[in-house]
Each structure stands twice: as C-alpha cells, then as structure tokens.
Amino acid sequence: QVKIFNVSGKAMVYRWSQADMKWILVGEAVGKGRGKPKPKKTELEGQFYDHVTKVFITEQQSVMLGWNVDDDPRDVVDHFAALYSLTEDLKHQVYQFVAPKTDPQAIAARKERERSERLARAMKHVPSWAKHGFKLFADTSKLGPMRKRLEKSIAADSSALSANTFKALMSNMESVSKYHSSAFSQEEADLVKKMLAWEGTKLLPALDAFRILMQHAAAVSNLSEDAKVRRVILERLAEEGSSKHQRMFCLRGLANMVARRPKTDEERKKGSAPKDVLDFFNAAVKTTAKWVHPKSSEASVCLSGTVFLSNVVCWLGMHKIKAPDVARSVVEVLMPLALNAQSVNQTALYYVVVALAGAAMCDTTAKALVASQAAAAVAAVSSSSMTDATSEALSDFKKALALA
C-alpha cells in the first residue's frame, strides 16, 4: 500500500510494510509544484500544526490529522482513534507514521512547561515573578530629615559641591509622581557618587538617598550601569565594622536596583544577561552572605537581604535568564536560614521560602541543591511560628519540589 502524505508542506511518499508493521518513507514525490511556497506550519480547522496529513479511515473516507513536534504521539493517536473509531490495526499504522515526526526532547520540555504552569495556577505565592513581582523599599516619608542631614554634610565637605545640583537632586527625590518621567542630570549622578564616598554617619543618608533613587527611572538607568557606583556599593556592603544601618541601606538599594534597572534586549528577548551584570549581582549575593545568616541578630539586615535575594530570583525567572551560578549562590545563602527557621524573623522567612521555591523553578542546578535539603527545610519551617503567608508559601514550596 503506497500513499502520498502532506508533511510540512511537502508531498512525501510512504509505503506500508505489513512485515514490519510500520510506514516506510520512500521519498519526496516527484513533480513541479504550483503557487506560493507552503508556510512552515499548516492550518487545519483554525489551528496551525507542524505536520498535517490525510488519513484514510476506510477506502472511501479520509480525514485530516494535524500534530506538532512537541505533541505526545500516543495522545495524538488515542484522541484521533477515539474520534473516528479506528480499528486497532489502523490505529497502530497511524501511530507508526506520527511518532517518528515528533521530538522526544520537545515533548519533555513541553510537559515540564505545562506542569510548571499548572503548579503556578495552583499556588498563591510562587513563582514570585508570576504572583506578585518585585518587592520595593519605597518609603519616602523621611525625606525632610534626610535633606537636613545631607545639607549639613555638604556644607562641611571641602570639595566643590553645587548647591543647585543638590537642589535638583532633592527635587527629583521629592517628586515621587514624576519618578517615571523626570530627568536626571550627569551633575546629579556625580554628586551621588561623591556622597557615597563619605564616611561614618554622614554615609547613611547618602545610602538612603541611593535607595530612593533606585526607583527613579532616569537615575537608576544612569547609576546602575556605572561601574564605579557598583564597586562602591559592594565595598560599602562588605565593609568590616559597618553599622547595621549601613548594611540595611546597601541591601535595600540593591533590592530596588534589581527591580527597577532597565533590562537589556539580551535579557528581555534572549533569556540571558550581560556578563558584567551577572558578575555584579553574583558578587552582591555572595557579599550578602556575610551578614545574612542564622547567627545574625540584625533583623532589619536579614529582612533587607532576603528581599534582595528574592528580587534576584524574580529577575531570573521573569526573564528566563540562564544564570546557574547566581541561582546557586542565592540558594547557598538562603537554605541555612530555612534550616534554622526558628531564629529567623517570619517576614524574612516568607521571602526565604518563596525565593528558594522560585530558584528551584527557574534553574535545574538550583533545583537539585534545594531538593537535597528540601525535606529538612520543610520540617524546620513547619516547626517555626509561621504566619499565614509563610504557611501558604511553604505549601507552594512543597508543590514546586513535588513534596506534596
């Protein structure tokens, strides 16, 4: 039995081998086609398929069958057979024809994607990029005291700092409703860099100003891409003998930077990020480990750090960025907190659980690392004084790790 089938717009000749019980490709039908070239996908009843072919269910009756390379061939044939009451022999012939024209890897990827989508619909807090997005430290209620402290420090600074530039900088921070549209000059950027070089208590309002500016569209676009600013923030975060407020402001500024920095085309369209960006955030994550750990008694620092790390995971997942080193670094910082949940503030613990589940969902390396200690983490978090939000996040965590 020889038949010609339409396979991806080409007329292909197949012969049925009774001995082998399968269709054997003979080759492409010879002949000159007419008209426009066939599209890559073929439309059938309003749907587009990689493959569309005619199936003779009797000698006189034929129907069209369409499927994609990532369709499970057994599902395709079972549905088709049930729809047209095919005999087992014909069903087997159709399966032998369809199966070689599917891609096992594409099928597996699709099933994993669909599983993740079902999980996401069933969960309340995970993944963060689909449920609630980034967490911002957006408070601007203390701009008045900040202005006074900055003015005092500027007055005592021997370097030439323009009063007009400071006035423009404060106007930008105070005009919250214009964060998306107001300009940010290079003079203002230079002033911020000078302020970040201050020492001691003078530095704290400068770091808080940096946190606020990381919400301003033009400011974050300028400052987050400046190599000097990145280096200074990392140095300030790592500084030995620094106050808890210095650490807290650094981490809050970083949390806002992850959320608000303009994403490159590479991130938005290709699922990757520039190497300098990945290196910077990986360094920031590893530096965070210095202050965010189970033995730390600084609750505000721990919360700021866990939010920063949660935002990093949200960024990776939202843009499908392949960054196993960064994802693994996040897990290495957060897992000890989960395993020692009794010593962690509940708000911080919520972000720990959400970030660990998210990291497992967006990177296979991170998933393996989380899975290796998932049961112990669940036991530890369950034994803590969980809030309702943490309890729901833990339920999501168990679903994401197939523990529930």
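So, a few notes on the structure that sits alongside this text. Owing to the predicted nature of the structure, the values given are computational and were not obtained by experimental measurement.

In terms of helices and strands, the protein chain carries 19 helices and seven strands. Scaling as 2.2 N^0.38, a compact globule of 404 residues should have a C-alpha radius of gyration of about 22 Å, whereas the protein chain reaches 29 Å, well beyond that. Out of the 404 residues belonging to the protein chain, those deemed buried represent 49%. Entry remark: accessible area of the protein chain is about 20000 Å², with carbon and sulfur atoms responsible for 52%. Distance between charge centroids for the protein chain: 2 Å, based on 57 positive and 43 negative side chains.

So, on to the packing of aromatic side chains. Within the structure shown, the criterion is met by five aromatic pairs. Between Trp-67 and Phe-97, the ring centres sit 6.1 Å apart and the planes meet at 80°, which makes this aromatic pair edge-to-face. On the criterion of sequence distance, the pair formed by Trp-67 in strand E7 (residues 62-67) and Phe-97 in helix H2 (residues 88-98) is long-range, its members being 30 residues apart. Both residues of the pair, Trp-67 and Phe-97, count as buried. Look at Phe-280 and Phe-281: their rings are 5.1 Å apart centre to centre, the planes differ by 55°, and that puts the pair in the tilted class. Overall, Phe-280 belongs to the buried group, its relative accessible area being 6%.

What follows deals with the nonpolar core. Counting 104 residues, the largest nonpolar core has Met-173, Phe-308, Val-312, Trp-315, Leu-356 and Phe-397 as its most contacted members. Looking at which element gives the most residues to this core, the answer is helix H16 (residues 346-362), with twelve residues. Each residue touching Val-312, except ones within four places of it in the same chain, is listed here: Val-258, Val-285, Val-326 and Val-330. Judged by nonpolar contacts, the second largest core, of 17 residues, contains Met-12, Val-76, Leu-86 and Val-94.

In the structure shown here, the tally under the stated rule is 26 salt bridges. A salt bridge links Lys-41 to Asp-50; the nearest nitrogen and oxygen atoms lie 2.8 Å apart. According to the relative accessible area criterion, Asp-50 is buried, its value standing at 16%.

Quick look at helix H18 (residues 374-382) now. Buried within H18 are the following residues: Ala-374, Ala-377, Val-378, Ala-380 and Val-381. Projected down its long axis, H18 carries its buried residues within an arc of 165°, all on one side. Turning to H18, the residues buried within the fold contact helix H15 (324-339), H16, helix H17 (364-371) and helix H19 (388-400).

So, about the state of the cysteines. A full pass over the atoms with the stated rule returns zero disulfides. In this model Cys-250 remains outside any disulfide bridge; the closest cysteine sulfur is found in Cys-302, 16 Å from its own. When its relative accessible area of 0% is taken as the criterion, Cys-250 is described as buried.

For the bond from Val-126 to Pro-127, the omega torsion is -5°, close enough to zero to count as cis. Tracing the sequence through the fold places Pro-127 in the loop between helix H3 (104-122) and helix H4 (128-131). Located in the positive-phi region is Ser-85, a residue other than glycine, with phi close to 50°.

Once that is clear, we can look at the packing of helix H8 (residues 203-213) against helix H11 (residues 244-260). Remark: H8 packs on H11, axes separated minimally by 8 Å, with the N-to-C direction vectors making an angle of 15°. Judged on the interaxial angle alone, H11 and H8 are roughly parallel. Viewed along their axes, H8 and H11 form a crossing whose handedness is left-handed. The segment H8 lies against H11, with Leu-203, Leu-204, Leu-207, Asp-208, Phe-210 and Arg-211 engaging His-245, Gln-246, Phe-249, Cys-250, Arg-252, Gly-253, Asn-256 and Met-257. Its residues assigned to classes, the contact of H8 with H11 comprises seven nonpolar, four polar and three charged.

What counts and what doesn't
Residues numbered from 1 in each chain as written. Predicted model: local features only at pLDDT ≥ 70, side-chain atom pairs only at ≥ 80, totals over all residues. Heavy atoms only, no water. Helix = DSSP H or I, 4+ residues; strand = E, 2+ residues; numbered from the N terminus. Rg over C-alpha atoms; globule rule 2.2 N^0.38 Å. Buried < 20%, exposed > 50% of the residue type's maximum accessible area, 1.4 Å probe, protein only. Areas by Shrake-Rupley, 256 points an atom, 1.4 Å probe, with all protein chains shown as cover. Lys, Arg positive; Asp, Glu negative; His and termini not counted. Charge placed at Lys NZ, Arg CZ, Asp CG, Glu CD. Phe/Tyr/Trp six-rings, centres within 6.5 Å; stacked < 30°, edge-to-face > 60°. Core = buried A, V, L, I, M, F, W, Y, C linked by side-chain atoms within 4.5 Å. Contact = heavy atoms within 4.5 Å. Salt bridge = Lys/Arg side-chain N within 4 Å of Asp/Glu carboxyl O. Arc of directions from axis to C-beta. Disulfide = S-S within 2.5 Å. Axes fitted to C-alpha atoms, helices over the stretch in contact; angles between N-to-C directions. Parallel < 35°, antiparallel > 145°, perpendicular 65-115°, else oblique. Left-handed = near helix turned anticlockwise from the far one by under 90°. Nonpolar A, V, L, I, M, F, W, Y, C, P; charged D, E, K, R; others polar.

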